Amino acid sequence: MRRVNRSEKARIALTLNGRKLTADAEPRLLLSDFLRHELGATGTHVGCEHGICGCCTVLIDGVAARSCLTLAVQVDGREVTTVESLAAADGTLNPLQQAFRNNHALQCGFCTPGILMSFTDYLGRNPKPSTEEIREVLSGHLCRCTGYAGIVAAVEEVAKSAP
Amino acid sequence: MKPRPFDYVQPDTAAEAVAVLAEYGDDARLLAGGQSLLPMLNLRLIDVAVLIDISRIGDLDSIRDLGDKIEVGAAVTQNKLMEWPQLKQKLPLVAAALPYVGHFQTRNKGTVCGSIAHADPSSELPLALAVSGGEVVLRSKRGDRVLAAGEFQQNMLTTARAPDELIAAVRFPVTAGQGTGFHEVARRHGDFAIIAVAAAVEKDSIRVGVGGMAGRPMVRRIEGDAAAAISEWAEELEGYEDLHASAALRRDLFRRLGPHVIEEAKKCAA
């Protein structure tokens, strides 16, 4: 049984985008802040910090979740995947990212990392979703500048080319 | 915002969790999916001295078929239950309610028992548990006790759980082949409902439940003229006012949504 006092820092070992890392965090540190401030993975954005906006969505053991509603201590021994993992090392966009670009699915890009991670999980489970299903998943995100039509079109483009 | 400091304990088994809970009682909160608790901590609406994380306890993470009931353990997420292959057949009302619970992303972590423990008066799973006549298994060092849904949820965010008790599981009666209906009105899909209505067809009557009209889900058997019965019931319940809706709007929504959900349940039964 693990016990960490409020003033103590716990040692956390995780795999971030395929790389094994260790870092320290006090119990109250949110995963979103841990990623950004301790690990320097600033691709994950923080919007509302209470689970509504979806900007901070990452994959924990492959499953999309709000990093602002997860404690850093909870990912000890787990695999965390963030938006930084999507493009190739030379910057080539992956098919989902490319589809966002093709369909003008972003303007300011603040909400984009979370949306990309949600659909990375969802398209893995359901590679050919209906428009209705895409909208249902997208309802877990807020975009305040682009609007949702381009995002739906981008995901539809990826779904169309799925085998 | 960020939570205030707290101590963190991660027990490995349910027995350990119960022992830690006995040690801290009221000073502790149980963390399962955290989709209600963490927003409350982040917004500093509540304070906890000790957070007991039960999300990784393997013996709480199972869906068990007990024959006439389905038992859902404390660490089972809403999406895990939603993806359970026998859900539609054995628990049709729960299958109809689950898509309304939060979003895909929050259902990945949010637990079935956590939603029932949180006891929001307009939330879907407490309503489904109440209408289907389910029960809650409470575990402490003193032993297990089982409460009916109606005894468990007492008022807004208030339940019969004692400070040293862990909600080990909830049990939904198997209602294979039952005609059921579920609908709600919310500001946007995935938000808390302003009004949620559930209906289940029984032999000579229909069991109807409504969330968002009182401090907890209200359940009643309705026979004969559904519209008249709902209208009368809406007057009796009065409803309450909050940021999203007046009591009058709640009554009006219930009058309109109630008969519609009952019709749907009847059609589904036919």
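### So, the interface of chain B and chain A
Here is step 1 of the chain: Each partner contributes residues to the interface: chain B has 31 residues there, and chain A has 29 residues.
Here is step 2 of the chain: Elements with a contribution of two residues or more to the side of chain B that touches chain A: β1 (7-10), α2 (37-42), β3 (50-53) and α6 (104-107) of chain B.
Here is step 3 of the chain: Tallying contributions element by element places β1(B) first for the side of chain B that touches chain A, with four residues.
Here is step 4 of the chain: Along the lines of polarity and charge, the residues of the side of chain B that touches chain A split into twelve nonpolar, eleven polar and eight charged.
Here is step 5 of the chain: Bridge analysis of strand β1 (residues 2-4) of chain A against β1(B) gives three bridges, and the strand direction is antiparallel. Bridge pairing in β1(B) places A:R2 opposite B:Q10.

### Remarks on the nonpolar core
All names here are of chain B.
Here is step 1 of the chain: With 127 residues, the main nonpolar core has I52, A97 and A198 as its most contacted residues.
Here is step 2 of the chain: The biggest single contributor to this core is strand β12 (residues 193-201), with nine residues.
Here is step 3 of the chain: The contacts of A97, once residues within four sequence positions are left out, are E124, L125, L127, A128, F182 and A198.

### Observations regarding the pairing of strand β11 (residues 180-186) of chain B
All names here are of chain B.
Here is step 1 of the chain: Relative to β12, β11 is paired through seven bridges, and the arrangement is antiparallel. Opposite V185, over in β12, you have I195 as the bridge partner.
Here is step 2 of the chain: Count of turn residues in the β11/β12 antiparallel hairpin: six residues, of which G190 carries a positive phi of about 100°.

### Re the sheet that holds strand β3 (residues 19-25) of chain A
Pairing between the strands of a sheet comes from backbone hydrogen bonds, and it takes one of two forms, parallel or antiparallel.
All names here are of chain A.
Here is step 1 of the chain: Ordered in space as β3-β2-β6-β4-β5, the five strands form an open sheet in which the pairing is mixed. What marks the edges here is a single partner per strand, and that holds for β3 and β5 (63-66). Averaged over all pairs of adjacent strands, the angle between strand axes in this sheet comes to 40°, irrespective of strand direction.
Here is step 2 of the chain: Two strands pair when backbone bridges link them, and strand β2 (residues 10-16) and β3 are joined in this way by seven bridges, in the antiparallel orientation. Note on β3: the bridge partner recorded for L14 is L21.

### A look at the domain arrangement of chain A
Residue and element names in this part refer to chain A.
Here is step 1 of the chain: Parsing chain A into structural domains produces domain 1 (10-85) and domain 2 (95-160).
Here is step 2 of the chain: Of note, the centres of domain 1 and domain 2, computed from C-alpha atoms alone, are 21 Å apart.
Here is step 3 of the chain: With 15 residues of domain 1 at the contact, the number on the domain 2 side is twelve residues.
Here is step 4 of the chain: The set of elements that each furnish at least two residues to the side of domain 1 that touches domain 2 consists of β4 (57-60) and β5.
Here is step 5 of the chain: Per-element accounting of the side of domain 1 that touches domain 2 gives the leading share, three residues, to β4.
Here is step 6 of the chain: Looking at the side of domain 1 that touches domain 2 residue by residue, the class counts come to nine nonpolar, six polar and no charged.

### Points about the environment of B:A119
Here is step 1 of the chain: Mapped onto the secondary structure, B:A119 falls in the loop between α7 (112-118) and α8 (124-131).
Here is step 2 of the chain: Distance in space between the C-alpha atoms of B:A119 and B:G215 is 9.1 Å, their sequence separation being 96 residues.

### Some words on unusual backbone geometry
Here is step 1 of the chain: One non-glycine residue with positive phi stands out, namely A:N17, at about 50°.
Here is step 2 of the chain: Here A:N17 is to be found in the loop between β2 and β3.
Here is step 3 of the chain: A:N17 sits in the partly exposed class, given 18 other C-beta atoms within 10 Å.
Here is step 4 of the chain: One non-glycine residue, B:A119, lies in positive phi territory at about 60°.
Here is step 5 of the chain: B:A119 sits in the buried class, given 22 other C-beta atoms within 10 Å.

Thresholds, definitions, all that
Residues numbered from 1 in each chain as written. Chains lettered and ligands numbered in written order. Predicted model: local features only at pLDDT ≥ 70, side-chain atom pairs only at ≥ 80, totals over all residues. Contact = placed C-beta atoms within 7 Å. Helix = DSSP H or I, 4+ residues; strand = E, 2+ residues; numbered from the N terminus. Nonpolar A, V, L, I, M, F, W, Y, C, P; charged D, E, K, R; others polar. Pairing = 2+ DSSP bridges. Core = buried A, V, L, I, M, F, W, Y, C linked by C-beta atoms within 7 Å. Buried ≥ 20, exposed ≤ 12 C-beta atoms within 10 Å, placed from the backbone. Axes fitted to C-alpha atoms, helices over the stretch in contact; angles between N-to-C directions. Domains from an automatic or database assignment.

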